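Below, each chain spelled out in residue letters.
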Amino acid sequence: MKHLRRRTRAQWARDLLLWLLLSALIAAMGPDPLTDAAEFAVRTGPLIALAGVAVLVGRPWPLAAVLVLLPFGPWRFDAGLATSTLVWPEPLPYVKILPIQPVTLSVIWYAYLAGRRTAGTWPAPAALVPLALVGVGLVVAEGGGLGLWITMTTGLLGAYVLPYLVGLLRRRLVQQREQARLSAAARARLRERARIAREMHDSLGHDLALIAVRAAGLEMAPGLGPAQVEAAGELRVAAAEATERLRQIIGLLRDDADADAGPPLAPAGEDVAAIVERARASGLPVTLRHDPSGPAPALAGAVVQEALTNAAKHAPGAPVTVLVSPHRVVVRNGAPRSRPTAVPGGLGLAGLDERVRLAGGTLTAGPSGDGYELAAELP
């Protein structure tokens, strides 16, 4: 019941239309309700109700719907596609294959959904057992000729097995694409964290080196007692060891993908104005607007650099506007005026999003009018 309550109005509407379609197909196969209403109600009414049950349970449990629709299976062995002597030997001139009726298409649909949505490997083979038993029983009841066995086998394969395998293949492909997307995003986050760690190494290593230099000068200063000289020496050694440990830790964070990222595109510490000026000098039409109410955020340079890089690759020649305020950076570009030099799907935005998130901010990017906008809310 919980699955039924979760259905949206659109899903209820689609299920109702599917049930009406099945009811029309079932009614078309039964007796004429205008000439024999009683027989129509006895023979067709239960099948229409059975179709309603199948539609009701088919969305959350498609394999159950396949079993409910058992009377609509490929059991009309006198129907199907007729073969000729070009296919079978002379004793079997006209064997019927794929005895699928119009109403059997509902069985094929739910068998496909079973492959798409049913978890585990045992439910489908378990459900195939009663279906195969029904087919075997019907063949035996009709005489058990070789032609009937061929017709029944092709019906089982066409109505149940093949649709299920197609749905299963579709589910595996979707799972593989999702895993690949998550893996790519995870690699982008790891690369960005390694890049942040290297920047920390640059700044902290510089500070520790200064501490070591000052400690060495203090160690050599005249007028200090032995205890003070020894303390200054220990401070110098500790700073040098901390620098070496920091270098080793940062080295562990480097990987092959990180090396493929190449050197940074801008000098360390370059501000927004310098980044914009360098992009403008390379031919990118950029307009910079500063909010004079306060300083720019700490990550403004990284955001602007990534946005200008994307604009140059995906919208060459389009005018770009950079808006920088104390807690927000917005970069907008118009429609490209020439052919883009890159295809979408890079990982630069994923890494920038991770960097902004770690800093306590949020990053949004998407179409805006006839162009594109990247906005970062930064602390």
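Read on for an overview of the structure. (Residues numbered from 1 in each chain as written. Predicted model: local features only at pLDDT ≥ 70, side-chain atom pairs only at ≥ 80, totals over all residues. Heavy atoms only, no water.)

### Here's the deal with the overall build of the protein chain
Keep this limit in mind: Helix and strand assignments follow DSSP, with helices taken as H or I runs no shorter than four residues and strands as E runs no shorter than two, numbered in order from the N terminus. Throughout, a contact is declared for two residues whenever any of their heavy atoms are within 4.5 Å. The method behind every accessible area is Shrake-Rupley, applied with a 1.4 Å probe, and residues are considered shielded solely by the protein chains displayed.
Of regular secondary structure, the protein chain possesses 13 helices and seven strands. For the protein chain, contacts bridging at least 24 residues in sequence account for 67% of all contacts bridging at least 6. For the protein chain, the computed accessible surface area is about 22,200 Å², with 65% contributed by carbon and sulfur atoms.

### Some words on the nonpolar core
Grouped burial of nonpolar side chains is what soluble globular proteins tend to show. The condition is simple: Residue types Ala, Val, Leu, Ile, Met, Phe, Trp, Tyr and Cys, when buried and joined through side-chain atoms within 4.5 Å, form a set referred to as a nonpolar core. Here the term buried applies to any residue with accessible area under 20% of the maximum for its type, exposed to any over 50%, and partly exposed to those in between, with areas from a 1.4 Å probe on protein chains only.
Grouped together as the largest cluster of nonpolar side chains are 25 residues, with contacts concentrated most on I26, V66, L69, F72, Y110, L156 and Y160. Residue assignment for this core shows that the elements contributing at least two residues are α2 (9-29), α4 (45-58), α5 (62-68), α6 (104-117), α7 (123-141) and α8 (146-220). Apart from residues lying up to four places away in sequence, F72 is in contact with I26, L47, A51, V103, T104 and V107. Core analysis: the second largest hydrophobic core is formed by 24 residues, V304, V320, L352 and L363 among them.

### As for the side chain of S106
Spelled out, the test is: Each polar contact in these results corresponds to two N or O atoms within 3.5 Å; when the atoms are within protein, one needs to be able to donate a hydrogen and the other to accept it, and residues that are neighboring in sequence are counted only if both atoms are side-chain atoms.
Mapping S106 onto the fold places it in helix α6. A polar contact of 2.7 Å, which involves the side chain of S106, links it to the backbone oxygen of V103. Sequence-distant contacts of S106, defined by excluding residues within four places in its chain, comprise L22 and L69.

### Some words on the pairing of strand β7 (residues 371-377)
Note the cut-off: Strands pair, by our definition, only if DSSP identifies at least two bridges between them.
With five of its seven residues buried, β7 lies for the most part within the structure. In this sheet, β7 lies alongside strand β6 (residues 362-368) in antiparallel orientation, the contact comprising seven bridges. Bridge pairing links S368 to G371 in β7. In this structure, the hairpin formed by β6 and β7 is closed by a connection of two residues, where G369 is found at a positive phi of approximately 65 degrees.

### Some points on the pattern of salt bridges
Here is the rule we go by: Any Lys or Arg side-chain nitrogen located within 4 Å of an Asp or Glu carboxyl oxygen qualifies as a salt bridge.
According to the stated counting rule, one finds six salt bridges in the structure shown. Residues D15 and R59 are paired through a salt bridge, measuring 2.9 Å at the closest nitrogen-oxygen approach. Here D15 is found in helix α2, whereas its partner R59 is found in the loop between α4 and α5, with 44 residues between them in sequence. For the salt bridge of R181 with E178, the shortest nitrogen-to-oxygen distance reads 2.7 Å. Linking R181 with E178, this pair stays in helix α8, spanning three residues, or about one helical turn.

### A word on the packing of α2 against α4
Selection criterion: Lines fitted to the C-alpha atoms define the axes, with helices restricted to the stretch that makes contact. Angles between their N-to-C directions range from 0 to 180 degrees. These descriptions rest on fixed angle ranges, namely under 35 degrees for roughly parallel, over 145 for roughly antiparallel, 65 to 115 for roughly perpendicular, and the rest for oblique. Crossing chirality is assigned from the near helix's rotation relative to the far helix, an anticlockwise turn below a right angle marking it left-handed and a clockwise turn marking it right-handed. Ten residues, namely Ala, Val, Leu, Ile, Met, Phe, Trp, Tyr, Cys and Pro, are considered nonpolar, four, namely Asp, Glu, Lys and Arg, are considered charged, and the remaining ones, Gly among them, are considered polar.
Taken N-terminus to C-terminus, the directions of α2 and α4 make an angle of 155 degrees; their axes are 9 Å apart at the nearest point. With respect to each other, α2 and α4 are oriented roughly antiparallel. Seen along the crossing, α2 lies across α4 with a hand that is right-handed. In this structure, α2 uses W12, D15, L18, W19, L22, S23 and I26 to contact α4, whose residues at the interface are L47, I48, A51, G52, V55 and L56. By residue class, the composition of the contact of α2 with α4 is 10 nonpolar, two polar and one charged.

### Focus on the sheet that holds strand β5 (residues 328-333)
One open sheet holds the five strands; their spatial order is β3-β4-β5-β7-β6, and the pairing between them is mixed. Strand pairing shows two members of the sheet lacking a second neighbour, β3 (286-290) and β6, which therefore form its edges. Each adjacent strand pair in this sheet contributes to an overall mean axis angle of 10 degrees, direction not counted. Packing of helix α11 (residues 272-281) onto the sheet brings it into contact with β3 and β4 (320-325), and relative to β3 it is tilted by some 165 degrees.

### Things to note about the environment of R59
Assessed through its relative accessible area of 22%, R59 is described here as partly exposed. Residues R59 and A114, spaced 55 residues apart in sequence, show a C-alpha to C-alpha distance of 9.5 Å. In contact with R59, not counting residues within four places along its chain, are R7, Q11, R14, D15 and R117.

### What about the side chain of N333?
Of note, N333 is situated in strand β5. The class of N333 is buried, set by a relative accessible area of 13%. Once you skip the residues sitting within four places of it in the chain, N333 turns out to touch A311, A315, P319, V320, G371 and Y372.

### Some points on α4
Definition in use: For a helix, the expected span equals 1.5 Å multiplied by the number of residues minus one.
With 14 residues, α4 should cover 20 Å at 1.5 Å per step; its first-to-last C-alpha distance of 20 Å lies within 8% of that length. Regarding α4, the residues found buried are I48, A51, A54, V55, V57 and G58. Here the buried face of α4 lies against α2, α5 and α6.

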